[in-house]
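# Observations on chain architecture
As a plain string of letters, each chain reads:
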Amino acid sequence: MLDGQGTTTSGATLATFVILVLVFVVSFAMGRRPKGNRAFSRAWLKEWLAAALPRITIAAFLALGSYLVSIIISDPQAGVRAACNSPLKPITSQPVTRERVDKAAEGMKQLSAAATGGDDEQVRQLFIGSDTHSLTHDIDGRLRQADPELGKQLCMSVVTIENQLTGRIDSTTVQRAADSAAGLLEQAASEPGVLQT
């Protein structure tokens with residue numbers, strides 16, 4: 001955005017177009033000038049294009065890279081959605097039982113409370129290596145068969161928490177994701193075919 005608050009996809013598209021136009025102009029001004037043909041004739045343009053094409057190609061790849069980066073910056077959830085296009089891999093071979101789902105939902109509520117209190121160490125202890133985390137992976141494939149959208153929402157909440165734990169934790173983000181995951185797990189338990197007895 002022009003107000004300094006970030007970027008947008010439309011803004012990135014405009015910037016990409018401007019970059020390509022500028023490269024085209026610079027290539028025209030500094031490139032090898034065709035000789036022996038009338039200026040701007042078909043033969044003249046073909047010769048100029050052949051000389052300028054390498055620079056235009058490089059500029060196009062650079063502009064495309066800038067465009068893709070701007071999309072990710074403008075939409076922080078883009079990477080999370082991409083990670084959840086397919087089900088998460090199971091962590092254990094344990095059956096997905098009602099008891100495990102209930103305990104995982106409760107674990108997510110405890111995780112939310114720890115994040116609210118700003119206890120980063122407790123957040124990590126409640127999630128990393130716990131069955132709260134394992135269950136969210138173990139249930140994903142079964143849940144997506146019953147309700148693909150519900151499964152993807154749960155996955156996005158889990159991946160959001162995982163991403164937070166790899167660096168500096170944003171308590172608000174973890175709290176929201178944990179609260180969402182707790183509610184989604186409770187919904188998942190009522191979906192036919194998800195639980196194993």
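The rules behind each value
Residues numbered from 1 in each chain as written. Predicted model: local features only at pLDDT ≥ 70, side-chain atom pairs only at ≥ 80, totals over all residues. Heavy atoms only, no water. Helix = DSSP H or I, 4+ residues; strand = E, 2+ residues; numbered from the N terminus. Expected span 1.5 Å × (residues − 1). Buried < 20%, exposed > 50% of the residue type's maximum accessible area, 1.4 Å probe, protein only. Contact = heavy atoms within 4.5 Å. pLDDT = per-residue confidence, 0-100. Disulfide = S-S within 2.5 Å. Polar contact = N/O pair within 3.5 Å; in protein donor to acceptor, adjacent residues only side chain to side chain. Salt bridge = Lys/Arg side-chain N within 4 Å of Asp/Glu carboxyl O.

## Remarks on helix H8 (residues 148-165)
With 18 residues, H8 should reach 26 Å at 1.5 Å per residue; the first-to-last C-alpha distance of 26 Å fits that figure. Listing the buried residues of H8 in full gives Leu 150, Gly 151, Leu 154, Cys 155, Met 156, Ser 157, Val 158, Val 159, Thr 160, Ile 161, Gln 164 and Leu 165. Residues of H8 that are buried make contact with helix H3 (78-83), helix H4 (98-116), helix H5 (120-127), helix H6 (131-138), helix H7 (140-146) and helix H9 (171-188).

## What to know about the confidence of the model for the chain
When pLDDT is averaged across the chain, the result is 83; 75% of the residues are at 70 or more. Segment residues 1-7 is flagged for pLDDT under 50; beyond a separation of four residues in sequence, or across chains, it makes seven contacts in the model.

## Here's the deal with the state of the cysteines
Scanning the entire structure with this criterion turns up one disulfide. Covalently, Cys 84 is tied to Cys 155 through a disulfide, its sulfur atoms 2.1 Å apart. One quick way to see it: the torsion about the S-S bond of Cys 84 and Cys 155 is about -85°, and its sign makes the bridge left-handed. Note that Cys 84 is positioned in the loop between H3 and H4 and Cys 155 in helix H8, a separation of 71 residues in sequence. For Cys 155, a relative accessible area of 1% gives the class buried.

## Quick notes on the side chain of Asp 138
Summarising the element assignment, Asp 138 is placed in helix H6. Take Asp 138: its relative accessible area is 8%, and that puts it in the buried class. Here the side chain of Asp 138 touches Thr 92 through a polar contact of 2.5 Å, side chain to side chain. With near-sequence residues (within four places) excluded, Asp 138 lies in contact with Pro 90, Ile 91, Thr 92, Gln 94, Val 96 and Arg 100.

## Let's talk about the environment of Asp 138
The sequence separation of Asp 138 and Val 96 amounts to 42 residues, and the corresponding C-alpha distance is 6.9 Å. Within polar-contact distance, the side chain of Asp 138 engages the side chain of Arg 100 at 2.9 Å.

## Some details on the side chain of Thr 132
Mapped onto the secondary structure, Thr 132 falls in helix H6. Residue contacts for Thr 132: discarding those within four places in its chain leaves Lys 103, Ala 104, Gly 107, Met 108 and Leu 126.

## Focus on the pattern of salt bridges
Applying the stated criterion across every chain yields a total of six salt bridges. Ionic pairing is found between Asp 138 and Arg 100, a salt bridge with its closest N-O pair at 2.9 Å. Of this pair, Asp 138 sits in helix H6 while Arg 100 sits in helix H4, and the two are 38 residues apart along the sequence. Arg 100 carries the same exposure label as Asp 138, and that label is buried. Two residues, Lys 109 and Glu 186, come together in a salt bridge whose shortest N-O distance is 3.0 Å. Taken together, the residues span a long stretch of sequence, with Lys 109 in helix H4 and Glu 186 in helix H9 at a distance of 77 residues. The exposure class assigned to Lys 109 is partly exposed, which follows from its relative accessible area of 39%. Classification of Glu 186 as partly exposed rests on a relative accessible area of 43%.

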